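Here are the chains, one letter per residue:
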Amino acid sequence: MSARVTRRLLLAAGAGGVVATVARAVEERDAARMARTPRGSGDGPASAAPAGRPRRPTRAAAARPSAPQLTRPSRATEVRRYAGLSPRAWGMDLPGTTTDLAPARAVALTFDACGGPHGDGYDARLVELLRHHAVPATFFLNARWVRANPSIAAELASDPLFEVGSHGVRHLPLSVTGRAAYGIRGTRDVGQVWDEVCGGIDAVEALTGRAPRWFRSGTAHYDDVALRVVHDLGLQVAGFDVNGDAGATFSPAQVAAQLAGVRPGSVVISHVNHPDGGTAAGYERGLPLLLERGLLFRRLTQPPG
Ligand SMILES: [Zn+2]
């Protein structure tokens, strides 16, 4: 079964009767707030990695390119630009969404930190696993999560292994008509789309000193007009082709099974804000198998050189 088919089946399941599960998958659950104690030094010795595993990037390779200096279109400009334009499409994989990196062969692991009353946790065990294996990843940080976890957010942002993208401010589906996903009402108009995206940019910029390159909305849903606003603001939109943890609701075995469906060029979505979920344990089972397959990993933004 291809990863893409797997993802579609998950979506079909969401529409077909396990709505509560999928709603849980996308919105935050009640989460234990206690992050687990990180294991080890957090920087596994290179000699412990078997042949073929990606190594922690060198300083030169890890240097992240600075974002282009963009003049952001103002809120009023965007509202004017799209006045009277009705959306024609809605979903998680509209044209203009990066759902995989093919023909590139390296795999991008992405982890959302959704924030909010039930989404402010931190899965230290998962992050230490990535560090132990020197596997790069991209974190999509919601502004609320950054506010709740300032020191951890700064730590992730300063680690050259990782890239930080934006996961918005209010964690809303991105719509110009208030369209909902999983029962969560989306932004209501172009102005609210601008607010959600620019607020997210500002949160990441305050953290890293540069604007993010990538954006993923709460629930990862968009209409086509909202997508255009995101692009106008200079961001690429991160979709996915492998749903790693269904909003951290999957058991470790389910997470490992999803990871088994990863193929070269896949973009995998999982969550780093539910330390009580099965995500870390699933990656502990599944990630070594991907490394044994010889798969390489990258951040969404490929460092120069
Ligand atoms: Zn989220």
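Given the structure is predicted, the values throughout are model-derived calculations rather than measurements.

A. Here's a closer look at the overall build of the chain. The helix and strand tally for the chain stands at 11 helices and 12 strands. Within the span of the chain, comprising 305 residues, buried residues form 48% of the whole.

B. How the structure looks around helix α11 (residues 279–292). With 14 residues, α11 should reach 20 Å at 1.5 Å per residue; the first-to-last C-alpha distance of 20 Å fits that figure. Taken as a whole, α11 carries its principal kink of about 30° at Arg285; the proline Pro288 stands between one and four residues after it. The elements touched by buried residues of α11 are α5 (124–133), α10 (252–260) and β12 (267–271).

C. The pairing of β12, seen in detail. Within β12, 5 of the 5 residues are buried, which leaves the element mostly enclosed by the surrounding structure. The two faces of β12 match: Val267, Ile269 and His271 on one face and Val268 and Ser270 on the other face are all buried. Relative to β12, strand β3 (residues 108–113) is paired through 5 bridges, and the arrangement is parallel. Bridge assignment links Thr110 to a residue of β12, and that residue is Ile269.

D. Main features of unusual backbone geometry. Residue Pro103 is reached from Ala102 by a cis peptide bond, and omega for that bond is 10°. Locating Pro103 in the fold gives a position in the loop between β2 (97–98) and β3. One non-glycine residue, Tyr182, lies in positive phi territory at about 50°. The exposure class assigned to Tyr182 is partly exposed, which follows from the 18 C-beta atoms found within 10 Å.

E. Molecular detail of the pairing of strand β4 (residues 137–141). Most of β4 is tucked away, with 5 of its 5 residues classed as buried. Residues Ala137, Phe139 and Leu141 point to one face of β4 and Thr138 and Phe140 to the other, with burial holding for every one of them. Pairing geometry for β3 and β4, over 4 bridges, is parallel. Across the sheet, residue Phe111 finds its bridge partner in β4, namely Phe139. Between β3 and its parallel partner β4, the chain crosses via α5, and the hand of that crossover is right-handed. Where β4 lies against strand β5 (residues 162–166), 5 bridges are found, and the strand directions are parallel. By the bridge assignment, Leu141 is partnered in β5 with Ser166.

F. Representation of the packing of α5 against α11 within the structure. In the contact formed by α5 and α11, the axes pass within 9 Å of each other and the chain directions differ by 15°. The orientation of α5 with respect to α11, classified from their angle, is roughly parallel. Seen along the crossing, α5 lies across α11 with a hand that is right-handed. Mapping the contact onto sequence places Arg125, Leu126, Leu129 and His133 in α5 and Thr279, Ala280, Tyr283, Glu284, Leu287 and Leu291 in α11. Classifying every residue of the contact of α5 with α11 by side-chain character gives 6 nonpolar, 2 polar and 2 charged.

G. Looking closely at the environment of Ala134. If you trace the backbone, Ala134 turns up in the loop between α5 and β4. According to the C-beta neighbour criterion, Ala134 is buried, with 20 such atoms within 10 Å. In this structure, the C-alpha to C-alpha distance between Ala134 and Leu161, residues 27 residues apart in sequence, is 7.2 Å.

H. Expanded view of helix α8 (residues 190–208). Look at α8: 27 Å from first C-alpha to last across 19 residues, which is about the 27 Å you get at 1.5 Å a residue. Every buried residue of α8 is accounted for by Val190, Gln192, Val193, Trp194, Glu196, Val197, Gly200, Ile201, Ala203, Val204 and Thr208.

I. Quick peek at the packing of α8 against helix α9 (residues 224–232). Packing of α8 against α9 brings their axes to within 10 Å, and their N-to-C directions diverge by 45°. With respect to their mutual orientation, α8 and α9 come out oblique. Judged by the sense of rotation from one axis to the other, the crossing of α8 with α9 is right-handed. Contacts between α8 and α9 involve Val190, Val193, Trp194 and Val197 on the former and, on the latter, Ala226, Val229 and Val230.

Rules used throughout
Residues numbered from 1 in each chain as written. Predicted model: local features only at pLDDT ≥ 70, side-chain atom pairs only at ≥ 80, totals over all residues. Helix = DSSP H or I, 4+ residues; strand = E, 2+ residues; numbered from the N terminus. Buried ≥ 20, exposed ≤ 12 C-beta atoms within 10 Å, placed from the backbone. Expected span 1.5 Å × (residues − 1). Bend = angle between axes of the 7 residues up to and from the residue. Contact = placed C-beta atoms within 7 Å. Pairing = 2+ DSSP bridges. Right-handed = clockwise from strand over helix to strand, strands pointing away. Axes fitted to C-alpha atoms, helices over the stretch in contact; angles between N-to-C directions. Parallel < 35°, antiparallel > 145°, perpendicular 65-115°, else oblique. Left-handed = near helix turned anticlockwise from the far one by under 90°. Nonpolar A, V, L, I, M, F, W, Y, C, P; charged D, E, K, R; others polar.

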